[in-house]
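Architecture at a glance
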Amino acid sequence: MAKKQKYYVVWQGNTPGIYDNWADCQKQVIGVAGAQYKSFDSLEAAQRAIVRPYDEVKGTATTRESMVGVDENGMTFVRQGDVPGPELNSLAVDAACSGNPGVMEYQGVYVATRQQLFHYKSPVGTNNIGEFLAIVHGLAYLKQHHLDQIIYSDSKIAINWIKHKECRTKLPLTPQTNDIWNLIRRAEAWLQNNSYTTEIRKWDTDHWGEIPADFGRK
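Figured I'd write up the structure that's included with this text. The shown structure was predicted, so the numbers you read here are calculated from the model rather than taken from an experiment.

Conventions we followed
Residues numbered from 1 in each chain as written. Predicted model: local features only at pLDDT ≥ 70, side-chain atom pairs only at ≥ 80, totals over all residues. Heavy atoms only, no water. Helix = DSSP H or I, 4+ residues; strand = E, 2+ residues; numbered from the N terminus. Expected span 1.5 Å × (residues − 1). Buried < 20%, exposed > 50% of the residue type's maximum accessible area, 1.4 Å probe, protein only. Contact = heavy atoms within 4.5 Å. Pairing = 2+ DSSP bridges. Axes fitted to C-alpha atoms, helices over the stretch in contact; angles between N-to-C directions. Polar contact = N/O pair within 3.5 Å; in protein donor to acceptor, adjacent residues only side chain to side chain.

With 18 residues, helix α4 (residues 127–144) should cover 26 Å at 1.5 Å per step; its first-to-last C-alpha distance of 25 Å lies within 8% of that length. The complete set of buried residues in α4 reads Ile 129, Gly 130, Glu 131, Phe 132, Leu 133, Ala 134, Ile 135, Val 136, Gly 138, Leu 139, Tyr 141 and Leu 142. His 146 sits one or two residues past α4 and shows a positive phi near 55°.

This is the structure:
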């Protein structure tokens, strides 16, 4: 599903104005002390906002949708009080599945830049299996590269499975699912045989928007 069009108003930056993409807006505000900018869901809303003082506009959001913003690193978030944002020096993982079971894939993304660090696709699986495997892959990736980072996942189920070092899926073992089950067993064995200090945190979707590793298919 295509991402919804956003418009960005820059009150204070290199060139104030309205921009229809984050890349152009970013050029106006990154590295600018006291930069003032905000995203809007329509051009009309942006046009109404730009003629008003930034201090008035930034505090007038009354619905979740209109409170969506973009920070200096391109991270979408929702402004709700003083809730702190995510750690940018971190790894975010997510999975998607077409059907249940169906074609499943997962990926790991560096939060600060949204660079994809790994990706895997299987002809059969479930979303929960993908979320579980993504976390294990993330743990192995960070350990292999000697990185001290947090892993974010938006799946409570997968995080719980990681704690128990077991993928508690009900997917039956059949000739069609044999390959994904072999991968599950390898992941469980990795958890059993490896120690790690990586902190796994639940991504706060309500305040930060979709996890950076989201496939955008909701």
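What follows is about helix α6 (residues 178–193). If you check α6, its first and last C-alpha atoms are 22 Å apart, about what 16 residues at 1.5 Å a residue would give, namely 22 Å. For α6, every residue scored as buried is listed here: Ile 180, Trp 181, Leu 183, Ile 184, Ala 187, Glu 188, Trp 190 and Leu 191. In the core, the buried residues of α6 are packed alongside β7 (102–110), β8 (115–125), α4 and α5 (156–164).

Below, the discussion takes up the sheet that holds strand β3 (residues 36–40). Read from one edge to the other, the open sheet built from three strands follows the order β2-β1-β3, with strand pairing classed as antiparallel. Sheet topology places β2 (17–19) and β3 at the edges, where each strand pairs with a single neighbour. Here the average twist between neighbouring strands, direction ignored, is 20°. In this sheet, β2 lies alongside strand β1 (residues 7–12) in antiparallel orientation, the contact comprising three bridges. From the neighbouring strand, Val 9 faces β2, where its bridge partner is Ile 18. Docked against the sheet, helix α2 (residues 43–50) engages β1, β2 and β3, running at close to 10° with respect to β1.

Another aspect to go through is the environment of Thr 113. Within the secondary structure layout, Thr 113 lies in the loop between β7 and β8. Spatially, the C-alpha atom of Thr 113 lies 8.4 Å from that of Leu 88, the residues being 25 residues apart in sequence.

The topology assignment puts Gln 5 in the segment before β1. Gln 5 gets classed as partly exposed once you look at its relative accessible area, which sits at 38%. Placed 35 residues apart in sequence, Gln 5 and Phe 40 show a C-alpha to C-alpha distance of 8.9 Å. Discounting chain neighbours no more than four positions away, the residues touching Gln 5 are Asp 20, Phe 40 and Asp 41. A polar contact is formed between the side chain of Gln 5 and the backbone oxygen of Asp 20, at a distance of 2.7 Å.

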